[in-house]
Amino acid sequence: DKAASARSAGRRVIVHLDLDCFYAQVEMIRNPELRDKPLGVQQKNIVVTCNYEARKCGVKKMMSVRDAKEKVPQLILVNGEDLTPYREMSYKVTELLGEFCPLVERLGFDENFVDVTEIVEKRLNQLQQSGCSRVCVSGHVYNNQAINLQDTTHVRLVIGSQIAEELREAIYARLGLTGCAGVASNKLLSKLVSGTFKPNQQTVLLPESCQDLIRGLEHIQKVPGIGYKTTKRLETLGVRNVCDLQAFPSAVLEKELGVSNAQRIQKLSYGEDDSPVTPSGPPQSFSDEDSFKKCSSEVEVKEKIEELLHNLLDRIDKDGRQPHTVRLTIRQFSSTDKWLNWESRQCPVPPHLIQKFGKESSNIISPLVDILMKLFRKMIDVDLPFHLTLLSVCFSNLKDLPSSKKGSIGFYLKQMSPPSGSGKRVREVEDVSQGEGSASWNQSCNRTGTTKTRKLSEEKKSNIKKEGIPDFPFHLFPAGIDQEVFRELPEDIKKEILSGRT
């Protein structure tokens, strides 16, 4: 019931851990000589992160390499396009946290939520049984708010701050990494408060300061869970900051955004978030991408897809599971709006190819390239000029082999680096949520669901109706298949797909 739910929310203690300049820290661990020097991690012509020595000199994240070198000529740059060492260290952190508490949720490579509620309850009971009334906070208290030891919610959060310090100390002692932590009653607030004091510090948020924290955000897009497109729609309604959103009439918001989305967003504006900390487990898909200034020929597209496949198949082979769906995503150049030029198409992996993953990976690159090029031609008219700035390949719908040990975090710790030199930037599926919050907060973070893509999907459906019955009866199509792509597949692959369904 609602009363029980409110009591449960009042006793929750969530820790958000955010590792300091993560990529740079990993590079300094790999090469300790870099530790006290200004260091930047470079992907293409951008400094994606830098250590605090570089920040003191004026280098900022996402600064161009040229500007960074002009500002700090002695800046050391390390190529960070191979994400393997960061991925491996990221999983080590998650695995270590899992030794303390089973409820650990990854958010990107460098962030984790830990639900320490049960540990707090045990320690609170021990305190009460011992008759001890003194308990000391670890780190900062947001707004320097006074702690009331007669308030069990305060005491719970103070105990949570002690646990957060223990987690940070363990990460440093075992892995050599420092990080910040936020302690609060839910995921949203713990994430917002964790960056109050940086680097290598922590902050606890007491309930009475919640509104000060959330109203202090300069823009609604700073609220995790309110994405780019929703922000733009809210701006057209005159909603620019949290106070605007709190005061906005609910009925109007529900009419504009739909009831569930409007209610979710307005709850977030008050700092309310009941989403659970969900253990992430192994990745649900594998993706790899290449971004570039210009790609404008089929030959180039084919070459880049082949490069992406080599690294992906290596990772899938080590994971041990078999993917059943493949997706191609493209981004076309636009001088006006970079968000609405993403498109995706996907289709099932033919059964005869699924069986070859992990056994004959080198033999499946050519047929996979053919399938991906079919998907590509569904999005791009190759007879007309085109200008791409990104290609991404994703394998999903991963299924276990009958007797494999795949998909464990331990597996990732044994990975070898994939072939380097392809000059590409990789985005993990786990990384997609960076900057937007977890999937449970943000329902619009999936870029394949853009306005343009949805419009094309509707056009595709209407075209199918116009074209009449395809070569195979509709009821035989496997779920999720792109029927236009299916019609253009070789006959033997069509038969394999259909036979695999029956």
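None of the values given here were measured: they were computed from a predicted structure. (Residues numbered from 1 in each chain as written. Predicted model: local features only at pLDDT ≥ 70, side-chain atom pairs only at ≥ 80, totals over all residues. Heavy atoms only, no water.)

**Student:** Describe the environment of Q322, listing the residues and the values that go with them.
**Tutor:** In this fold, Q322 is placed in strand β12 (residues 322-332). A C-alpha to C-alpha distance of 6.4 Å links Q322 and I354, two positions 32 residues apart in sequence. Excluding its chain neighbours within four sequence positions, the residues that come into contact with Q322 are I354, Q355, F357, N397, L398, K399 and L401. (Helix = DSSP H or I, 4+ residues; strand = E, 2+ residues; numbered from the N terminus. Contact = heavy atoms within 4.5 Å.)

**Student:** Report on the nonpolar core, specifying residues and quantitative values.
**Tutor:** Ranked by size, the top nonpolar core spans 45 residues in total, and within it F22 and V114 carry the most contacts. Of all elements in the fold, only β1 (14-19), α2 (22-30), β2 (39-43), α5 (84-100), α6 (117-130), α7 (152-175) and β9 (179-184) reach the threshold of two or more residues within this core. Counting residues per element, this core draws most heavily on α7, which supplies nine residues. Leave out the neighbours within four places in its chain, and F22 touches Y86, M89, S90, F109, D110 and L177. Grouped together as the second largest cluster of nonpolar side chains are 35 residues, C295, V326, L328 and I371 included. (Core = buried A, V, L, I, M, F, W, Y, C linked by side-chain atoms within 4.5 Å. Buried < 20%, exposed > 50% of the residue type's maximum accessible area, 1.4 Å probe, protein only.)

**Student:** Could you give an account of the pairing of β1, with specific residues and numbers?
**Tutor:** Counting buried residues in β1 gives six out of six residues, a clear majority hidden from the surface. By the alternation rule, side chains of β1 split into I14, H16 and D18 and V15, L17 and L19, which are all buried. Inspection of the sheet shows β1 paired to strand β7 (residues 111-115) by five bridges, in the antiparallel sense. Among the inter-strand pairings, H16 is bridged to a residue of β7, identified as F113. (Pairing = 2+ DSSP bridges.)

**Student:** So what about the packing of α6 against α7? Which residues, and what values?
**Tutor:** One way to put it is that α6 packs onto α7 with a least axis distance of 9 Å and a crossing angle of 115°. With respect to the hand of their crossing, α6 and α7 are arranged in right-handed fashion. Between α6 and α7, the residues in contact are I119, V120, E121, R123, L124 and L127 and V155, R156, I159, G160, I163 and E166, respectively. Of the residues belonging to the contact of α6 with α7, the class tally is seven nonpolar, one polar and four charged. (Axes fitted to C-alpha atoms, helices over the stretch in contact; angles between N-to-C directions. Left-handed = near helix turned anticlockwise from the far one by under 90°. Nonpolar A, V, L, I, M, F, W, Y, C, P; charged D, E, K, R; others polar.)

**Student:** Tell me about the side chain of K304, and name the residues and values.
**Tutor:** Mapped onto the elements of the fold, K304 is located in helix α14 (residues 298-319). With a relative accessible area of 18%, K304 lands in the buried category.

**Student:** Quick one: what's the story with the packing of aromatic side chains, residue by residue and with numbers?
**Tutor:** With the rule as written, the count across this model stands at five aromatic pairs. For the ring pair F357 and F395, a centre distance of 5.7 Å and an interplane angle of 75° mean the geometry is edge-to-face. Pair noted here: F357 is in the loop between α15 (351-354) and α16 (361-379) and F395 is in strand β14 (residues 388-399), with a separation of 38 residues, a long-range link. Residues F357 and F395 agree in their burial class; the two are buried. Judged by centre distance (5.7 Å) and plane angle (70°), the ring pair of F376 and F386 falls under edge-to-face. Here F376, found in helix α16, pairs with F386, found in the loop between α16 and β14; they are ten residues apart in sequence, far enough to count as distant. Grouping residues by exposure puts F376 and F386 together as buried. Counting every residue linked through ring pairs, the aromatic cluster contains F22, Y23, Y86 and F109. Between the NZ or CZ atom of R55 and the centre of the ring of Y52, over which it lies, the distance is 4.6 Å. (Phe/Tyr/Trp six-rings, centres within 6.5 Å; stacked < 30°, edge-to-face > 60°. Lys NZ or Arg CZ within 6 Å of the ring centre and 35° of its normal.)

**Student:** Report on the sheet that holds β1, specifying residues and quantitative values.
**Tutor:** In spatial order, the strands read β6-β7-β1-β9-β10-β8; together these six strands make up an open sheet with mixed pairing. The sheet is open, and its two edges are formed by β6 (104-107) and β8 (140-141), each paired on a single side. Here four bridges tie β6 to β7, and the two strands are oriented antiparallel to one another. Its bridge partner being in β7, E105 is matched across the sheet by F113.

**Student:** Provide a residue-level description of the sheet that holds β2, including the pertinent values.
**Tutor:** Ordered in space as β4-β3-β2-β5, the four strands form an open sheet in which the pairing is mixed. The open sheet is flanked by β4 (63-64) and β5 (76-79), the only strands paired with a single partner. Relative to β4, strand β3 (residues 46-50) runs antiparallel, the two being bridged by two bridges. Paired with V47 across the strands is M63, a residue of β4. Packed onto the sheet, α2 meets β2, β3 and β5 and runs at close to 110° relative to β2.

**Student:** Please provide a residue-by-residue account of the pattern of salt bridges, values included.
**Tutor:** In this structure the tally under the stated criterion is 16 salt bridges. Residues R11 and E118 are paired through a salt bridge, measuring 3.5 Å at the closest nitrogen-oxygen approach. Remark: E118 occurs in helix α6 and R11 occurs in helix α1 (residues 2-11); sequence separation between them is 107 residues. Looking at R11, the relative accessible area reads 25%, which means it is partly exposed. A salt bridge links K56 to E53, with the shortest nitrogen-to-oxygen separation between them at 3.4 Å. Linking K56 with E53, this pair stays in helix α3 (residues 52-56), spanning three residues, or about one helical turn. Here the salt bridges do not stand alone but share partners, grouping R11, E118, E121 and R156 into one network. (Salt bridge = Lys/Arg side-chain N within 4 Å of Asp/Glu carboxyl O.)

Limitation: the analysis is restricted to geometry and does not speak to function.
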